[in-house]
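Listed here are the chains, written in short residue letters.
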Amino acid sequence: MLIVYHNRSNVVELANVKAFDTDKFSLKSIASVLVEVAKNYPEEILVWCHQSFKKELNVSAIEKLLHHKKVLLSYNPSDIPFLDSAIGYIDASLFVQINKVVSFPTWQMSSMVGCVYAEVLLALHNEIPLDENFDYFLCSLAKLLMPKGLLCYSEPRLLNNRTKSISAKTSQYTLFRFVKQHYRTRWVFLLLFNLFIFERKFPLLPFLFSLFYKNRSKTNINLDDIKVQSSRKVIDTGTVDVIIPTIGRKNYLYDVLKDFSKQTLLPKKIIIVEQNPETESTTELDYLTNEKWPFEIQHIFTHQAGACNARNLALKKTQSEWVFLADDDNRFEATLLSDIFSKVEQYGNEVVTTSYPQKNEIKKYTKVIQWPTFGAGNSFVPRAILTDVKFNKAFEFGYGEDGDFGMQLRNLGYDILYLPEPEILHLKAPVGGYRTKPVLRWHNESIQPKPSPTIMLYQMAHCSKEQMNNYKTILFFKYYKFQTIKNPIRYYIYFQKQWKKSVFWANELNKKA
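Chemist: Teacher, can you tell me more about a positive patch on the surface here?
Modeler: Taken together, the side chains of Arg-184, Arg-186, Lys-364, Lys-478 and Lys-481 make up a positively charged region of the molecular surface. Locating Arg-184 in the fold gives a position in the loop between α5 (172-182) and α6 (186-199). Here Arg-184 falls in the exposed class, since its relative accessible area comes to 56%.

Chemist: Any chance you could explain the sheet that holds strand β3 (residues 45-50) here in plain terms?
Modeler: Either a parallel or an antiparallel arrangement is found when strands of a sheet pair, and the pairing is made through backbone hydrogen bonds. The 7 strands are arranged β2-β1-β3-β6-β4-β7-β5 in an open sheet whose pairing can be described as mixed. Only two strands of the sheet have a single partner each, and these edge strands are β2 (11-15) and β5 (104-105).

Chemist: Would you mind showing me how to read the pattern of salt bridges here?
Modeler: Two side chains bearing opposite charge may form a pair once their charged atoms approach each other closely. One pass over the structure, following the stated rule, counts 21 salt bridges. The partner of Asp-135 in a salt bridge is Arg-8, with the nearest N and O atoms 3.3 Å apart. Of this pair, Asp-135 sits in helix α4 (residues 134-145) while Arg-8 sits in the loop between β1 (2-6) and β2; the two residues are 127 residues apart in sequence, bridging distant segments of the chain. Using a relative accessible area of 7% as the deciding quantity, one classes Asp-135 as buried. Asp-255 serves as the salt-bridge partner of Arg-331, at 3.9 Å between the closest nitrogen and oxygen. Here the residue Arg-331 occupies a position in strand β12 (residues 330-331), and Asp-255 occupies one in helix α8 (residues 250-261), the gap between them amounting to 76 residues. The exposure class assigned to Arg-331 is partly exposed, which follows from its relative accessible area of 29%. Note on Asp-255: relative accessible area 29%, which makes it partly exposed. Among the charged side chains, a salt-bridge network with shared partners connects Glu-43, Lys-69 and Glu-119.

Chemist: Any chance you could explain the side chain of His-68 here in plain terms?
Modeler: Along the polypeptide, His-68 turns up in the loop between α2 (59-65) and β4 (71-75). Judged by relative accessible area, His-68 falls into the buried class, the value being 2%. A polar side-chain atom of His-68 sits 3.1 Å from the main-chain amide nitrogen of Lys-70. Leaving out residues up to four positions away in the same chain, His-68 has contacts with Tyr-117, Leu-151, Val-228, Gln-229, Ser-230 and Tyr-347.

About the criteria used
Residues numbered from 1 in each chain as written. Predicted model: local features only at pLDDT ≥ 70, side-chain atom pairs only at ≥ 80, totals over all residues. Heavy atoms only, no water. Patch = residues over 30% accessible without salt bridge, like charges linked within 9 Å, V, L, I, M, F, W, Y side chains within 5 Å. Areas by Shrake-Rupley, 256 points an atom, 1.4 Å probe, with all protein chains shown as cover. Salt bridge = Lys/Arg side-chain N within 4 Å of Asp/Glu carboxyl O. Lys, Arg positive; Asp, Glu negative; His and termini not counted. Charge placed at Lys NZ, Arg CZ, Asp CG, Glu CD. Helix = DSSP H or I, 4+ residues; strand = E, 2+ residues; numbered from the N terminus. Buried < 20%, exposed > 50% of the residue type's maximum accessible area, 1.4 Å probe, protein only. Pairing = 2+ DSSP bridges. Polar contact = N/O pair within 3.5 Å; in protein donor to acceptor, adjacent residues only side chain to side chain. Contact = heavy atoms within 4.5 Å.

Right, dumping it as structure tokens:
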């Protein structure tokens, strides 16, 4: 383990490094020094730390935290991020709004303290400039390499004492430059527009200067040669229970159970929550008792429709070490469960969501990456961490319950990884014949809420003010061509009323959650 201490501008000390003279690098950027050290010590862990945090650096925990070679960790004890919160005006992802209390996925790295394996820096091959500003270099590195399989986190355990520090606010020149170099050019224009609309600012010069910077997104960096084998032990007994909500898909569910019966690693128990809102109805799943299955089946029948309620009922009945949240129209190979556990052991991550393509759909993501949502029909979670989370019934019959569930897990410190292999085929089966469309409480409103109140509820719960305002801007322009009011002023007034109505009903849903 090699430690680079710096003062933001220059390296002031190289700990555990005998072959380097600090004075030799006094005129070089911190990023340049790190890469130079990596070339000479390609198997080592490289640590950087601001000299003011030297005593607080938790050296003894670093090897355990950096549990495989495709992990990048850092921590900023200040409430002020390197990039202004205005980044939310163009980035809607969960990686912007960081929970500083737990390990949290983000590309927003910090120069205050952090660590990475030398192999990651050696894989850059000069594809990323070694910026003078070390924070800028780290954020750029993480933003570009997260889609390529580098797992990046804000990690508070890097410091023993996380007393808040004061950090300088980034200039708007840096913010606009970062957007231009890491997003599509149109987002620079949207950033300027949002700053003017919501903050009454018009930073014309930063905007114009940013247009001269070259975008960095098309790099040829490849991390595939870096082998991953986690030192963490996240599997003990390796037993798994499966939960499946179902409604009106008798034949599809039967095929799912047959796929489970062929597994090389059999589930201990499958919990099926069958819903039928017709008050006089009874179960149609006769094969649950008429046939013999190589696992226990626990069948719950309810007249209360709703996937959130059904999944919560099933989760309470789980007993095994792991839980597979499945759906009633999935198909998969006989090695699904064993292959999943092999990947979990390899990456040492507690929560995984599989590739979930529909028939003939081309797979978009081919790397193991940090996933921006959560799949309620194709995810694996240890039962021990499910005691503190549940599907929020405020989202029932709407959208966002799976995303909200994933955010609950992340706010407890559990990241969600996407696995390209093995995959689960999602048949996207037609709805059952007796499904009834629920009458939502706002359906009779003269002004219909826009967006859906459940989407608004998710935005209010998990997004920053800037992200919500950006969502509002994009929705305003996208919706314009689909509605009948073509006068832009009248449309704006009507849209504002719809937005306020959505906020109202989102708050009402939240009261009854």
